[in-house]
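Reading the structure
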There are 2 protein chains.
Amino acid sequence: MEAARIAAELGALLEGGRVSTGESDLTLHSEDLTFHRPHRPDVVAFASTTEDVRRVLAFADQHRIPVIPFGAGSSLEGHVIPVAGGISLDLRGLDRIAAIRPAELTVTAGAGVTRLALERRLGRHGLFFPVDPGADASLGGMAATDAAGTMTARYGKMRQQVLALEAVLPGGQVIRTGSRAAKTSAGYDTTGLLVGSEGTLGVITELTLRVRGIPEAQAVVRATFPDVAAACRASCQIVAAGLEALRVELLDEWEVAALNAYAETGFPPGALLFVEVAGSAAGVEDELAEVTAIVGEAGATTMAYERDPTRRAQLWRARHEIFFAEKAMAPGKSSLSTDVCVPLEELEGVLAGSRAAIEGLGLTGGISAHAADGNVHVGLLVDPDDAEEMGRVARLTTELVDHALAHGGTCSGEHGIGLGKIGALEREHGDQIELMRSIKATFDPHGVMNPGKIFSEEAADARPA
Amino acid sequence: MEAARIAAELGALLEGGRVSTGESDLTLHSEDLTFHRPHRPDVVAFASTTEDVRRVLAFADQHRIPVIPFGAGSSLEGHVIPVAGGISLDLRGLDRIAAIRPAELTVTAGAGVTRLALERRLGRHGLFFPVDPGADASLGGMAATDAAGTMTARYGKMRQQVLALEAVLPGGQVIRTGSRAAKTSAGYDTTGLLVGSEGTLGVITELTLRVRGIPEAQAVVRATFPDVAAACRASCQIVAAGLEALRVELLDEWEVAALNAYAETGFPPGALLFVEVAGSAAGVEDELAEVTAIVGEAGATTMAYERDPTRRAQLWRARHEIFFAEKAMAPGKSSLSTDVCVPLEELEGVLAGSRAAIEGLGLTGGISAHAADGNVHVGLLVDPDDAEEMGRVARLTTELVDHALAHGGTCSGEHGIGLGKIGALEREHGDQIELMRSIKATFDPHGVMNPGKIFSEEAADARPA
């Protein structure tokens, strides 16, 4: 079906939403923040209700038109790129926070609510939501990619926070999974299956999430080490000591320099470890003392403490800007952020191997880690039009993944598969690809949901008819 | 196929395991601990390796013979009862703990390892595993039913602890899901789908689990209240205050009397709340003070503190014996333990409604709750051969479920669906039954895995040919 006809028919169908084929809308929905090659959708449908989403999915299934759910466009593996054209389904209009329930620590919100919008509303009730990817992502997108962030070792990823979903399946059936109860054993975990399905099984329209009370006290230790290995040993010892720190973030020398240049943070040069502890006032002081002892023994050269909420917030804001700080190190280049996750016993080796691989391949970039859960990020600055450089980048990501897999880890701790890790998923879970494809076919028999993601050679089956 | 031929052919196939058609083996594998009507398997296959499991599943799929995975037989909704005959696949021989890794807080163990066997081994390393259903269940069974226990509000159910699985699919394919890394975004969450699938999608043979360091300090407040409502208000306020207590357990007056009679606990009469806090020594004292203030304000008539590890262990051992304490209140009767889970805002009403329903229907039983996550258990003593009484019991469980569903809750917080909650699942997730059935068909096209569980009218499709 031609774009103009899709737009006309969809436009007539939508309840409160609208459809666009304007240049800027098509461009905005053709790309993410990263190096992945843009590809335009045929149309952009802006949904404002679940009913809008239902109508779009019924229409698309009937006419075999790809649908690509779009939240904030901040995913990192090309998830939102309409590689087979079709309808980019923009969900930012589903931006209502239906309920905040402080007495039971739950919130119900539309898929288009962003994490910072939620944070502002929760803060008034003394609550917070512990999943914090760098960008101001939408909650629906965070669920679809099973997002994580700096507090995952303590609280878990999105999947652990999502109690219930409203979702629309291909064809237009609306289902409600889970419940407001804190736990359930009622049948298969369809909630957890939709979380992390990257828009390939259906469209999440509303989420009920577990939230937390802001701890009485929090404090950050910021420690500089002569090298990444020492910082890594400190973080592993913090975990092994049973300290359930709120955050344990590691930055290598390159990232520290990038942050200092971009955000004027003024950190001493070296590898940096931020450790945040939280709890009662007395508990925090106890844990700070333990962290200080571990960090000192591991060879920290400087240590600083932040107890003031404003200064702590500034610190974490700076840490969240690392993606943009990396980009600023090579203006005009594109950013490529890749992640692997390994058992803690293997973290030191993976960090060293990553730096050696960056240097060995003559690439530019830094390494950061959510160190308490062994999640390593390599941020590279690349020119997607330089085929030779992109060849070296591909060698690097392949080496990183193979190293992680050989040491009991996974090809992605939090960024997902999207376009960028399809081969990596096949290497990691080759024994399950057929099973995962059959799950996909169960939900989406006509292959219209976000084709070309997670699995190879699927886009061809679901081009607009 | 006849039992004798199944036994002969399977016996020749097994690598290290054995097959039995002996009376006592068939009887032991015909029932669980509860009132559900026993039904014998045709044979019992005792597996000793994953390869044994693979061979049994290939054979069963080829000949369309039901396979019922059997761990410790301690599930509560009839999960292990071979309602359509077939092969009860006993997994207790998979009892090897392959690795304990204190530095990364993971363990890899066979499906037949029991939780107490694991606990003993972990304790030597200063570690513990936070899922503690009452019985000494097998880890494979705990994963298959997504078991929970007294520490779930703090640490989550089995699904949150399982990092990786080895599982055998119907037909005999062995798959490995997840990894040893603390988190992953590598494709669909097949790990989480197998967890809680109640043996209907495949057989879990090995698990890699997240474990925890034993906290430096722990202490229990034991408070008696004039009624359940006051105890409930105290527990809800503990949650709303953001205290992440290790355990918040509520027992009504009937359960307190049952425990005193069975375990000679000597608790004062009344409704009882146990609140356990854990952390650093100073943190624990801070939290104890907060809990004491909340509990006192809610109207506690007596309060006692337990800091001594041995006395705390005795206390929790007594709490774990509640199932047997209930049974001892009516010798000769069978036990029926049903659970629902509701949002905390609804807990007080559900507790009151449950007691009124027990009395109104002239039944005998008590109420307990994992109060911090709104999980209510009603333990009844019943005579399965008394049709009139069982009719009243059915009315009670229907009322409890409908009340929970009408108030944002779920038909089961931790016991699962099995045989006993099939109708309840249909009422709760009628919009998803078709989807769940198609997931089942994707994994198990011939319907041989634990037929008759979770879904209605399935047993008939998979009787021994």
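This structure is a prediction, so every number in the text was calculated from the model and none was measured.

Focus on the overall build of chain A
Secondary structure summary: chain A contains 17 helices and 18 strands in total. C-alpha extents for chain A along the principal axes are approximately 65 × 55 × 40 Å. Looking at chain A as a whole, 63% of its 465 residues qualify as buried. Carbon and sulfur atoms provide 50% of the accessible area of chain A, an area that totals close to 15300 Å². Seen as two clouds, the 41 positive and the 63 negative side-chain charges of chain A have centres 6 Å apart.

Focus: the relation of the copies chain B and chain A
If you rotate chain B by 180 degrees and push it 0.0 Å along the axis, it lands on chain A with an RMSD of 0.0 Å. The superposition of one copy onto the other is thereby described by a two-fold rotation axis. When C-alpha positions in chain B are compared against the rotation axis, the closest is assigned to G283(B), at 1.9 Å. Of the residues that chain B buries at the interface, 100% are likewise interface residues in chain A, meaning the two copies contact each other through the same surface.

Notes on unusual backbone geometry
Both trends apply: most residues other than glycine have a negative phi, and most peptide bonds are in trans. Residues and elements named next belong to chain A. For R64, which is not glycine, the phi torsion reads 55 degrees and is therefore positive. Tracing the chain through its elements places R64 in the loop between α3 (50–63) and β3 (67–70). Notably, E264 is not glycine yet its phi reads approximately 50 degrees, a positive angle. Here E264 lies in the loop between α10 (253–263) and β14 (271–279). For E264, a relative accessible area of 71% corresponds to the exposed category.

Re the packing of helix α1 (residues 3–13) of chain A against α3(A)
Residues and elements named next belong to chain A. At their nearest, the axes of α1 and α3 sit 10 Å apart, and the two run at 145 degrees to each other. Two packed elements cross with a definite hand, and for α1 against α3 that hand is right-handed. Contacts from I6, E9, L10 and L13 of α1 reach α3 at R55, V56, F59 and H63. Residue composition of the contact of α1 with α3, by class: five nonpolar, one polar and two charged.

Re the sheet that holds strand β18 (residues 375–382) of chain A
Residues and elements named next belong to chain A. One open sheet accounts for seven strands, arranged β15-β12-β14-β13-β17-β18-β16; its pairing is antiparallel. Only two strands of the sheet have a single neighbouring strand rather than two, namely β15 (302–306) and β16 (334–341). With direction set aside, neighbouring strand axes in the sheet form an average angle of 15 degrees. Each of β13 (247–251), β14, β17 (365–370) and β18 touches α10; the most contacted strand, β17, lies at about 100 degrees to it. Relative to the sheet, helix α11 (residues 281–297) contacts β12 (217–225), β14 and β15, its axis offset from that of β12 by approximately 10 degrees.

Observations concerning the pairing of strand β10 (residues 203–210) of chain A
All names here are of chain A. The buried fraction of β10 is high, at six of eight residues. Across five bridges, the pairing between strand β6 (residues 106–110) and β10 is antiparallel. In the strand pairing of β10, G110 is matched with E206. Looking at chain direction, strand β8 (residues 162–168) and β10 are connected through six bridges and run antiparallel. In the strand pairing of β10, L165 is matched with L207.

Observations regarding the side chain of E276(B)
Residue and element names in this part refer to chain B. Turning to its location among the elements, E276 is positioned in strand β14 (residues 271–279). Classification of E276 as buried rests on a relative accessible area of 0%. Among residues more than four places away in sequence, those in contact with E276 are Q218, A219, V220, A245, L246, R247, R312 and W316.

A closer look at the interface of chain B and chain A
In this complex, chain B contributes 88 residues to the contact, which on the side of chain A involves 88 residues. Overall, the association of chain B and chain A removes approximately 6100 Å² of surface from exposure, summing both partners, and the carbon and sulfur fraction of that is 55%. Considering only the surface of chain B that becomes buried against chain A, K183(B), S185(B) and Y188(B) emerge as the three largest contributors, covering 15% of it. At the boundary of chain B and chain A, one finds ten salt bridges. In this structure, E345(B) engages R180(A) in a salt bridge whose closest nitrogen and oxygen atoms are separated by 3.8 Å. Our count for the contact surface shared by chain B and chain A stands at 35 residue pairs in polar contact (both at pLDDT 80 or more). For the side of chain B that touches chain A, the elements supplying multiple residues, two or more each, are α6 (152–155), α7 (158–161), β9 (174–178), α8 (190–194), α9 (228–240), α11 (281–297), α16 (422–429) and α17 (433–443) of chain B. At seven residues, α17(B) tops the list of elements feeding residues into the side of chain B that touches chain A. For the side of chain B that touches chain A, the class distribution of residues is 32 nonpolar, 32 polar and 24 charged.

Re the environment of A261(B)
Its location among the elements puts A261(B) in helix α10 (residues 253–263). For the pair A261(B) and G141(B), spaced 120 residues apart in sequence, the C-alpha to C-alpha distance is 30 Å.

With respect to the sheet that holds strand β15 (residues 302–306) of chain B
Residues and elements named next belong to chain B. One open sheet accounts for seven strands, arranged β15-β12-β14-β13-β17-β18-β16; its pairing is antiparallel. This sheet does not close on itself; its edge strands, each paired only once, are β15 and β16 (334–341). In this sheet, adjacent strand axes meet at a mean angle of 15 degrees when their direction is disregarded. With three bridges joining them, strand β13 (residues 247–251) and strand β17 (residues 365–370) adopt antiparallel strand pairing. For L250, the partnering residue across the bridge sits in β17 and is A369. Across the face of the sheet, α9 comes into contact with β12 (217–225), β13 and β14 while running at roughly 20 degrees to β14. Against the sheet, helix α15 (residues 387–406) engages β16 and β18 (375–382), with an angle of about 175 degrees to β18.

Remarks on the packing of aromatic side chains
Taken as a whole and assessed by the stated rule, the structure comprises ten aromatic pairs over all chains. Here the aromatic rings of Y188(A) and F455(B) are separated by 5.7 Å at their centres, their planes lie at 75 degrees, and the arrangement is edge-to-face. Residue Y188(A) is located in the loop between β9 (174–178) and α8 (190–194), and its partner F455(B) is located in the segment after α17; the two belong to separate chains. Residue class for Y188(A) comes out buried when judged on its relative accessible area of 3%. What makes F455(B) buried here is its relative accessible area of 1%. Here the aromatic cluster, defined as three or more aromatic residues joined through ring pairs, consists of F267(A), F274(A) and W316(A). Across from the ring centre of F46(A), 4.1 Å away, lies the NZ or CZ of R18(A), which sits over that ring. For the cation-ring pair, R247(B) lies above W316(B), with the distance from its terminal atom to the ring centre recorded as 4.2 Å.

A word on the pattern of salt bridges
Two side chains bearing opposite charge may form a pair once their charged atoms approach each other closely. Per the stated rule, a full pass over the model turns up 62 salt bridges over all chains. Between D189(B) and R159(A) there is a salt bridge, with the nearest N and O atoms lying 3.3 Å from each other. With D189(B) in the loop between β9 and α8 and R159(A) in helix α7 (residues 158–161), this pair bridges two chains. In this structure, D189(B) and R159(A) share a single accessibility class: buried. Several salt bridges share partner residues, and in doing so they unite D132(A), R247(A), E276(A) and R312(A) into one network.

A short note on the side chain of H79(A)
Residues and elements named next belong to chain A. For H79, the location among the structural elements is in the loop between β3 and β4 (87–90). Classification of H79 as buried rests on a relative accessible area of 3%. Among the polar contacts made by the side chain of H79, one reaches the main-chain carbonyl oxygen of H415 at a distance of 3.4 Å. Setting aside residues up to four positions removed in sequence, H79 forms contacts with D32, I68, T145, E198, H415, G416, I417, G418, N450 and K453.

Re the environment of H36(A)
Residues and elements named next belong to chain A. Residue placement: H36 occurs in the loop between α2 (23–28) and β2 (43–46). For the pair H36 and L94, spaced 58 residues apart in the sequence, the C-alpha separation amounts to 27 Å. Setting aside anything within four residues of it in sequence, one finds H36 in contact with L76, E77, G78, I81, L419 and G420. A polar atom in the side chain of H36 sits 3.2 Å from the side chain of E77.

The rules behind each value
- Residues numbered from 1 in each chain as written.
- Chains lettered and ligands numbered in written order.
- Predicted model: local features only at pLDDT ≥ 70, side-chain atom pairs only at ≥ 80, totals over all residues.
- Heavy atoms only, no water.
- Helix = DSSP H or I, 4+ residues; strand = E, 2+ residues; numbered from the N terminus.
- Buried < 20%, exposed > 50% of the residue type's maximum accessible area, 1.4 Å probe, protein only.
- Areas by Shrake-Rupley, 256 points an atom, 1.4 Å probe, with all protein chains shown as cover.
- Lys, Arg positive; Asp, Glu negative; His and termini not counted.
- Charge placed at Lys NZ, Arg CZ, Asp CG, Glu CD.
- Least-squares fit on C-alpha atoms with pLDDT ≥ 70 in both.
- Contact = heavy atoms within 4.5 Å.
- Axes fitted to C-alpha atoms, helices over the stretch in contact; angles between N-to-C directions.
- Left-handed = near helix turned anticlockwise from the far one by under 90°.
- Nonpolar A, V, L, I, M, F, W, Y, C, P; charged D, E, K, R; others polar.
- Pairing = 2+ DSSP bridges.
- Buried area = accessible area lost by both parts, 1.4 Å probe.
- Salt bridge = Lys/Arg side-chain N within 4 Å of Asp/Glu carboxyl O.
- Polar contact = N/O pair within 3.5 Å; in protein donor to acceptor, adjacent residues only side chain to side chain.
- Phe/Tyr/Trp six-rings, centres within 6.5 Å; stacked < 30°, edge-to-face > 60°.
- Lys NZ or Arg CZ within 6 Å of the ring centre and 35° of its normal.

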